[in-house]
Amino acid sequence: MQHDLMFKRLANEDGGTVLVEIDGATFNARAGDTVAAAVLAAGMIPSRTTPLSGSSRAPYCMMGVCFECLVEVDGVPNVQGCMTLVAEGMKILPQTGARYLSMAEQEMYS
Amino acid sequence: MSVRLRADCRETDVTVIGGGLVGLAIALGLIRNGLKVTVLDEGDIALRASRGNFGLVWVQGKGDTCPEYAQLSRLSARLWGDFAQELESFTGIDVQLSQQGGLLICLDDAELEQRQRMLCAMREQAGGDYPFKVLDHAQLKALVPAIGPHVAGATLGLEDGHLNPLLLLRALAEAFIARGGKLLSNASIGEIRQQDGGFSVVAGHDRWNSAKVVLAAGLGNKVLAPQLGLSAPVQPNRGQILITERIQPFLHYPTGHVRQTGDGTMQLGDSKEDVGFNSGTTTEVMAQIAHRATRMFPLLENVRMVRAWGALRVMTPDGYPIYEESRVCPGAFLVTCHSGVTLGAAHSGPIADWIAGKPEAFSLEVFRAARFDV
């Protein structure tokens, strides 16, 4: 998963870190990061595959428009990473293809 | 910029007014009959029922008070397989036709009993040849494990199916053009008149002369028909549809209210509203649609909705189509229906053949608009 990182953090005042889990590995995100920013900083690229062709994608517009940043957050599929702030202990996984709506999931939520 | 004062005059064998599912299916069938065909389509201001529909190829329950309509719907369903293949061979577009049967889900026992009575009567009317099954809750759950616990059952119409209506619209237009048809957009229709044993239609800067003219303009037919001695008492009836994110396939049969497309999208319908020409959406109706869909399939509670739309059905007073050649202006034809998908194969086949001048394969007398003059 880990590519050469395309993004470097600016050194700015320390707003504190938020410990999250990205694709199974712990990662120190910054307080105020979106999930998409954390995903890019951690190098989880691609962060999803598309439902029809299965092609690989990563966060792109970072402002809620393009839906390329869909990931699974704490078991919830198809979350827009750029519209969601990181939270302590959050588990972030790639979104692989179309989501499932399984009977098990139905029972889990009910 | 110059202004043209006189319309340019153009010749064609048949002018079809309306470039939706109905007009294009007929136009394609006319080309198959060796005719030169021009389709005049309105601009983006058009109401375009063809861009808002649900995509069912549906037979069960249709025509319970009109056996001829039941027969026509079933004939079209039988012709659909070959028609879809023809479209794919000319365009490479797979319209995602699937005819494995369709479910009409009934939430309570009274609804299921009423439905069963209606289909039994239709089977009797069809001389026993009307394939359907009535499924109780357990039988339905065996077929569709995701069905909700409070659903009474369903009727399974073995001739029902569905397809992707937007791909169909594109395939029809591409096939028509590939076979030499002329499709003109932004062609708002002006005057239509009879002349020299044919017709003259003004569309924008052009005048189209043809031996025959077909009105397939949906709700627009109401205004156009009287110019040709025809009557099209059609009214808009709004349906709203909700669209969800794509999900892994779980629903392998279309249902009357919920279907999963070949791409995994869920379409949730529908409503029947008398709101004039307003094609918008309302929170109240969308909530009703979502509520019913989640009673049928509780797992949809967690699905994301990505868009919704309203579209206007083209409804006659009795809900049945009008197929009619003008007695005042022979050569002028009126076609209107609210099932442009289901009837598409029939429109492109026997209906187009009838307009082309072949002997009627079956009587269309019952579909004349005179039935409303009582």
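Values in this document were obtained by computation on a predicted structure and should not be read as measured data.

A few words on the UniProt feature "domain: FAD dependent oxidoreductase" (unreviewed entry) in chain B. Mapped onto this numbering, the UniProt entry gives "domain: FAD dependent oxidoreductase" (unreviewed entry) at residues 13-348 of chain B. Secondary structure across residues 13-348 of chain B comprises 29% helix and 27% strand; the distance between its end C-alpha atoms is 17 Å.

What follows concerns the sheet that holds strand β19 (residues 332-336) of chain B. All names here are of chain B. The strand order β9-β3-β2-β13-β19-β18 describes an open sheet built from 6 strands, whose pairing is mixed. Edge strands, defined here as strands with exactly one partner in the open sheet, are β9 (182-184) and β18 (322-325). Taking the axes of each pair of neighbouring strands and ignoring which way they run, one obtains an average angle of 15° across the sheet. With 4 bridges joining them, β18 and β19 adopt antiparallel strand pairing. Counterpart to Tyr323 in the pairing with β19 is Val335. Contacting β2 (14-17), β3 (37-40), β13 (212-215) and β19, helix α1 (residues 21-32) crosses the sheet at an angle of about 170° to β3.

This brings us to the domain arrangement of chain B. Residue and element names in this part refer to chain B. Structurally, chain B comprises domain 1 (8-53 + 166-234 + 318-372), domain 2 (102-158) and domain 3 (237-315). With centres defined by C-alpha atoms, the gap from domain 1 to domain 3 works out at 30 Å. Considering only residue class, the side of domain 1 that touches domain 3 consists of 4 nonpolar, 6 polar and no charged.

Another point: helix α1 (residues 35-42) of chain A. Residue and element names in this part refer to chain A. Within α1, 7 of the 8 residues are buried, leaving the element largely enclosed by the surrounding structure. Within the sequence span of α1, burial applies to Val35, Ala36, Ala37, Ala38, Val39, Leu40 and Ala42. Contacts made by the buried residues of α1 are with β1 (17-22), β2 (25-30), β5 (70-73) and β7 (91-96). Gly43 occupies a position one or two residues after α1 and carries a positive phi of about 80°.

A separate point is the environment of Val37 of chain B. Tracing the backbone shows Val37 of chain B in strand β3. The spacing of Val37 of chain B and Leu183 of chain B is 146 residues in sequence and 8.7 Å in space, taken between C-alpha atoms.

Now for the environment of Val95 of chain B. Residue and element names in this part refer to chain B. Take Val95: it is sitting in the loop between α2 (67-91) and β5 (102-106). The class of Val95 is buried, set by 26 C-beta atoms lying within 10 Å. Residues Val95 and Ala232, 137 residues apart in the sequence, show an inter-C-alpha distance of 30 Å. Sequence-distant contacts of Val95, that is, excluding residues within four places in its chain, are made with Ala84, Leu87, Leu163, Asn164, Leu167, Leu168 and Ala171.

Residues and elements named next belong to chain B. With 5 of 5 residues buried, β5 lies mostly within the body of the structure. Of the two faces of β5, both are covered, the one formed by Gly102, Leu104 and Cys106 as well as the one formed by Leu103 and Ile105. Pairing geometry for β5 and strand β7 (residues 153-157), over 5 bridges, is antiparallel. Residue pairing for β7: Ile105 is matched across the bridge by Ala154.

On to the interface of chain A and chain B. Every contact between the two is made by 11 residues of chain A and, on the other side, 15 residues of chain B. Looking at the side of chain A that touches chain B element by element, the count peaks at 4 residues for helix α2 (residues 103-109) of chain A. Tallied by class, residues from the side of chain A that touches chain B come to 7 nonpolar, 2 polar and 2 charged.

A word on the environment of Glu325 of chain B. Structurally, Glu325 of chain B can be placed in strand β18. In this structure, the C-alpha to C-alpha distance between Glu325 of chain B and Leu228 of chain B, residues 97 residues apart in sequence, is 9.7 Å.

Next up on the list: the packing of α1 of chain B against helix α8 (residues 344-356) of chain B. Residues and elements named next belong to chain B. At a minimum axis distance of 7 Å, the contact between α1 and α8 shows a crossing angle of 55°. In this view, α1 runs oblique relative to α8, as classed from their interaxial angle. Where α1 crosses over α8, the handedness of that crossing is right-handed. Contacts from Leu21, Val22, Ala25, Ile26, Leu28, Gly29 and Leu30 of α1 reach α8 at Gly344, His347, Ser348, Gly349, Ile351, Ala352, Asp353, Ile355 and Ala356. Split by residue class, the contact of α1 with α8 holds 10 nonpolar, 5 polar and 1 charged.

Analysis parameters
- Residues numbered from 1 in each chain as written.
- Chains lettered and ligands numbered in written order.
- Predicted model: local features only at pLDDT ≥ 70, side-chain atom pairs only at ≥ 80, totals over all residues.
- UniProt positions renumbered as here; feature names shortened; annotations may be inferred.
- Helix = DSSP H or I, 4+ residues; strand = E, 2+ residues; numbered from the N terminus.
- Pairing = 2+ DSSP bridges.
- Axes fitted to C-alpha atoms, helices over the stretch in contact; angles between N-to-C directions.
- Contact = placed C-beta atoms within 7 Å.
- Domains from an automatic or database assignment.
- Nonpolar A, V, L, I, M, F, W, Y, C, P; charged D, E, K, R; others polar.
- Buried ≥ 20, exposed ≤ 12 C-beta atoms within 10 Å, placed from the backbone.
- Parallel < 35°, antiparallel > 145°, perpendicular 65-115°, else oblique.
- Left-handed = near helix turned anticlockwise from the far one by under 90°.

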